[in-house]
Amino acid sequence: MEYNFREIEKRWQQQWRDSGAYRVSNESDKPKFYVLDMFPYPSGAGLHVGHPLGYIASDIYARFKRLKGYNVLHPMGFDSFGLPAEQYALETGQHPAVTTEKNIARYKEQLDNIGFCYDWSREVRTSDPKYYKWTQWIFLQLFDSWYNRKSQKAERINVLEGIFEKEGNVTNECPGDRKLQFIAEEWSGFDNQRQQEILMDYRLAFSAFGEVNWCEALGTVLANDEVVNGVSERGGHPVVKKKMRQWYLRITEYADRLLQGLEQVDFSDSMKEMQRNWIGKSQGAEVRFKVKSEKGEVEQMVVYTTRPDTMFGVDFMVVAPEHEMVSDITSFQQKDEISKYLEYVKSRSERERLAEVKSITGAFTGAYAINPFDGREIPIWISEYVLAGYGTGAIMAVPCGDQRDFAFAKHFNIPITNIIGEAFNGEEANPTKDAILQNSDFLDGMVMRDAINVVIDKLEEMGIGKRQVNYRMRDAGFSRQRYWGEPFPIVYKGGVAFALDEGHLPVELPYVDTYSAGPEGEGPLANLADWIIAPGGGTREANTMPGYAGSSWYFLRYMDPQNEQAFADRKATDYWNQVDLYIGGTEHAVGHLLYSRLWTKVLFDLGYIGHEEPYKKLVNQGMIQGSSRFVYRIKSSNQFVSAGLIDQYETDKVHVHVGLVDGLELDIESFKNSRPEYEKAEFILEDGKYVCGAEVEKMSKSKYNVVNPDEIVERYGADTFRMYEMFLGPVEQSKPWDTKGIEGVHRFLRKFWRLFVDETKGLIVTNDAATPAELKVLHRTIKKIEEDTERFSFNTAVSAFMVCVNELNDLKSRKKEVLQPLLILLTSYAPHVSEELWKLLGNEGSVLDAAFPKFEEKYLVESSKEYPVSINGKHRTNINISLDAAQPEVEQIVVANEIVQKWLEGKAPKKIIFVKGRMINVVI
RNA sequence: GCCCGGGUGGCGGAAUUGGUAGACGCAGCAGACUCAAAAUCUGCCGUUCGCAAGGAUGUGCUGGUUCGAUUCCAGUCCCGGGCACCA
């Protein structure tokens, strides 16, 4: 009986499906454990060998927890709305619903092939109306809420209306318009439209006319994180600013809580750091300066600074070119220069502005700000290095402390005031906070760090400034001018957006057969005349929600996926609670993770769920890179020369499909048949072989280095594939794929099989009692597998299995007492072969529900140790000494040792260092 | 430029608390079995000197701390990732 993995794996996969072995119940006496994978977007290309890395890791962990007695939720689903399907529809005319369905079927087939323990009865698809009904419903909760800064949480909008009726907005600053102020009487006096406009400026989901990243080529608006260096992340198309009516999520109100929440979760430091950077919290002050200008129309300007301690070092002001005060303060003399500069700024695309960060440009307005402390007149400039959207759009420039300000001052010959004495060398700015202030009036002699608060206190006392926290993060754009996404449950009447009644959900995505943009650049839905008019009157929102809408809450739906009364029953969300382990790639570091953390916090604030951080622990899997192969064609010929000989010729390096190469050796016949132009190719060989070049690159179709898991599973089996992916290295790390290396793991499984089964004799396991040596091997392995699995060190766990099997082979061990527990250990890594052998051993029930073996220290206790002995720190020999031996006894034994004697050359050792159970070092 | 990771054999990687560097596997070399091949098994396998015994050297580089450093500290170079006029 040989190890027929193909037959075994197919049979057990079928059996597990039929018996519902992976069904999970929401009712259980066992402790719960929730293991989640970032669900995939089902692309047309299917899975390559890099995709399942994280899925295998989470699957092993989920199975491990099940063996350890947990009720484990381990679901899978599909992020099935999104751009690529629509792009594909544009190109081929096939409806996204059709291609998506097809792709999902393919994905599921590929996933099942690898033997994952997903409870498919809980599958979710974001494009399913039964699912997106609740995406729309949550959107309505966001729409119906505002963030109460005093209670630090989301509250219903009608609470806010109540407050307005009593006291206006005097104690609740408007996040959408900071200048807006009204009292109760004024509120009652506003007409409904005005009231709705004001409420919109508070809502957590709100619409506004905003500058958005418009990508003409993709015909859509992109989120900030989808724009890289001024071009679209996908496709690299140019992106420009465009004013459009958009939906946004007021994530900025949650900036602080999103920041604080990071303290409670177990994410990698780099992941947390990325989120912190994205949020970009800074503390400082807003300072109002009096303005002296010809027209006298502007009395004050407001700047934001993190360094109020440098108030006496301010040599000029810079205002963003877009700032509204620019035209009001520009002097007659400077008018031409300013308008020339504004024209220049306008002519530059976002892309250029980002690309040329080094060049210094700007223009003087002719106006001055007055330093409130010493009355100095400070020239006001405009320059594109100050951004309209951050802080107040105006800065106070301190050239001795800020490098950009310094460069600007040098470039325009603005005199520089030094307030930090020797700390400033005149060559470059010094941003220190530790220097002693000079030339700073009442701050002289103070350390800058300490002066910050002194100045803010003074500003507040004088009534010309205040402490201010700023965030780099912007509110999240939530509209896409696209078809294949969730429709908004919103109807406009008289220009006012109204939420649809819950009873009207879901707003189903209507069928279309063309995908071109609407008349005003809105989504294709705008073209559906009979859909766009809502039944009760009014116009529907024609845009759709972005990709992250559905993925912001899917982990909750898995808990109760068929519920038609709620997104999930509170009992279910309370039972499953947080995701205990979330595995996925780093590419979602800021986008998805931040948005889903936001949604969770809002649902928590509104009382729908009992926890406010969705993911307790996050593990980021690394990428599996492709290992590309190259052939070398002699220039302008059809001759190919083996890699070792290319120095002798002028060659072009050409990618060759990895499937045509065994290790490095090219399969010449297959190569010739692969393409017509290679049919007549000639080869210059070395040692009778054609050796290819190799390089590690990203796995991609264009590089001909994509390896399909189906092929690997067909050749070696799912168990081998799973273990090999883990064996490659630490999950978090990126590493190249090497098909050749898989044979080692495959050999291991065959060896493992042969511990139990002989090809001719069949099962050869005995019921004899195990020897101490065998038990030692077993328990060392139990300990190692348990510890390594628990800390996600799957590669070393696979090694431990190999070591164990090698040792049992040496011991010729065939005993059930040893082999059966070992089988259970292997179950989470190689479930199929484990189940097969489990049954062969005559066990009832499935190995999936076996109990994880208990490690017992007593089998590992040793009485002596082969101590490594070093002379002056260099390892020279080993001496076997009893573990009971104490220092004096050990010293005696060591000094008497022949090899130690030789190194001592008759001298007495200066010192003998003895670490019990570890090592001995003789110092001469 | 700033912020995170990371540099260990031909390759993927191991060394969990400062204590035998290179576990495990791939590739390679030698051999056994076989008519042959596959499969399987055995041995060798960082570099270097040496017939060997045994030395020397070795975890990017330069120093430091220590009886002892891949591990800790300082500096430096390289690679990967993220952010980038954020006041």
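What you see is a predicted model; the values in this text were computed from it and never measured.

Structural notes on the overall build of chain A
(1) Moving on: Each helix and strand counted, chain A has 30 helices and 36 strands in total.
(2) Moving on: Summarising its shape, the C-alpha atoms of chain A cover approximately 100 × 85 × 70 Å along the three principal directions.
(3) Moving on: When the 924 residues of chain A are sorted by exposure, 52% land in the buried category.
(4) Moving on: Partitioning the intrachain contacts of chain A with sequence separation of at least 6 by distance along the chain shows that 71% fall at a separation of at least 24.

Concerning the environment of Arg 540
(1) Moving on: With respect to the helices, strands and loops of the structure, Arg 540 is situated in strand S20 (residues 539-540).
(2) Moving on: Assessed through its relative accessible area of 14%, Arg 540 is described here as buried.
(3) Moving on: Separated by 162 residues in sequence, Arg 540 and Ile 378 have C-alpha atoms that sit 52 Å apart.
(4) Moving on: Beyond its immediate chain neighbours, meaning those up to four positions away, Arg 540 contacts Ile 490, Val 491, Tyr 492, Leu 500, Val 507, Trp 531, Ile 532, Ala 534 and Pro 535.
(5) Moving on: Polar side-chain contacts of Arg 540 include one of 2.9 Å to the backbone oxygen of Trp 531.

Concerning the protein's contact with RNA strand B
(1) Moving on: Looking at RNA strand B, there are 53 residues lining it, with Thr 306, Arg 404, Leu 728, Lys 784 and Asn 921 nearest.
(2) Moving on: Each atom of RNA strand B within 4 Å of the protein belongs either to a base or to sugar and phosphate, the latter forming 62%.
(3) Moving on: Asn 795 places a side-chain nitrogen or oxygen 3.1 Å from a phosphate oxygen of RNA strand B.
(4) Moving on: Contact between RNA strand B and Lys 902: a phosphate oxygen at 3.5 Å from a side-chain N or O atom of the residue.
(5) Moving on: For the surface near RNA strand B, the leading source of residues is helix H26 (residues 794-810), giving six residues.
(6) Moving on: Counted by class, the surface near RNA strand B contains 20 nonpolar, 15 polar and 18 charged residues.

Here we look at unusual backbone geometry
(1) Moving on: With an omega of -5 degrees, the peptide bond running from Leu 505 to Pro 506 counts as cis.
(2) Moving on: You can see Pro 506 is positioned in the loop between strand S19 (496-499) and helix H16 (529-532).
(3) Moving on: Even without a glycine there, the phi angle at Asn 439 is positive, about 50 degrees.
(4) Moving on: If you trace the backbone, Asn 439 turns up in the loop between helix H14 (403-411) and helix H15 (448-462).
(5) Moving on: Phi angles above zero are rare outside glycine, and Lys 812 is one such case at about 55 degrees.
(6) Moving on: Following the sequence through the fold, Lys 812 ends up in the loop between H26 and helix H27 (816-827).

Some details on the environment of His 323
(1) Moving on: Structurally, His 323 is set in the loop between strand S12 (316-319) and helix H11 (326-329).
(2) Moving on: His 323 sits 66 residues away from Gly 389 along the chain, and the two C-alpha atoms are 9.6 Å apart.
(3) Moving on: Contacts of His 323, omitting those with residues within four sequence positions, involve Thr 392 and Gly 393.
(4) Moving on: Reaching out from His 323, the side chain makes a polar contact with the backbone oxygen of Thr 392 at a distance of 3.5 Å.

Quick look at the domain arrangement of chain A
Buried accessible area, meaning the area lost when the parts come together, often serves as the stated size of an interface.
(1) Moving on: Assigned domains of chain A: these are domain 1 (281-470), domain 2 (624-697), domain 3 (712-859) and domain 4 (862-923).
(2) Moving on: A C-alpha centroid distance of 67 Å is found between domain 1 and domain 3.

So, the packing of aromatic side chains
(1) Moving on: Scanning the model with the defined rule gives 75 aromatic pairs in all.
(2) Moving on: Seen from their ring centres, Phe 312 and Phe 442 are 5.8 Å apart, and the 75 degrees between their planes marks the pair as edge-to-face. Of the two residues, Phe 312 is situated in the loop between strand S11 (300-305) and S12 and Phe 442 in the loop between H14 and H15; the sequence distance between them amounts to 130 residues.
(3) Moving on: Residue class for Phe 442 comes out partly exposed when judged on its relative accessible area of 31%.
(4) Moving on: The rings of Phe 33, Tyr 61, Phe 64, Tyr 70, Phe 792, Phe 794, Phe 801, Tyr 829 and Phe 852 are connected pair by pair, giving a single aromatic cluster.
(5) Moving on: Here the basic side chain of Arg 63 rests over the ring of Trp 16, its NZ or CZ set 5.9 Å away from the ring centre.

Some points on the packing of helix H23 (residues 718-727) against helix H24 (residues 742-756)
(1) Moving on: Where H23 meets H24, the axes come as close as 9 Å, and the angle between the chain directions of the two elements is 125 degrees. The orientation of H23 with respect to H24, classified from their angle, is oblique. Handedness of the crossing formed by H23 with H24: right-handed. Touching Asp 719, Thr 720, Phe 721, Met 723, Tyr 724 and Phe 727 of H23 are Ile 742, Val 745, His 746, Phe 748 and Leu 749, all from H24.
(2) Moving on: Its residues assigned to classes, the contact of H23 with H24 comprises eight nonpolar, two polar and one charged.

What counts, and at which threshold
Residues numbered from 1 in each chain as written. Chains lettered and ligands numbered in written order. Predicted model: local features only at pLDDT ≥ 70, side-chain atom pairs only at ≥ 80, totals over all residues. Heavy atoms only, no water. Helix = DSSP H or I, 4+ residues; strand = E, 2+ residues; numbered from the N terminus. Buried < 20%, exposed > 50% of the residue type's maximum accessible area, 1.4 Å probe, protein only. Contact = heavy atoms within 4.5 Å. Polar contact = N/O pair within 3.5 Å; in protein donor to acceptor, adjacent residues only side chain to side chain. Near = heavy atom within 4 Å. Nonpolar A, V, L, I, M, F, W, Y, C, P; charged D, E, K, R; others polar. Domains from an automatic or database assignment. Phe/Tyr/Trp six-rings, centres within 6.5 Å; stacked < 30°, edge-to-face > 60°. Lys NZ or Arg CZ within 6 Å of the ring centre and 35° of its normal. Axes fitted to C-alpha atoms, helices over the stretch in contact; angles between N-to-C directions. Parallel < 35°, antiparallel > 145°, perpendicular 65-115°, else oblique. Left-handed = near helix turned anticlockwise from the far one by under 90°.

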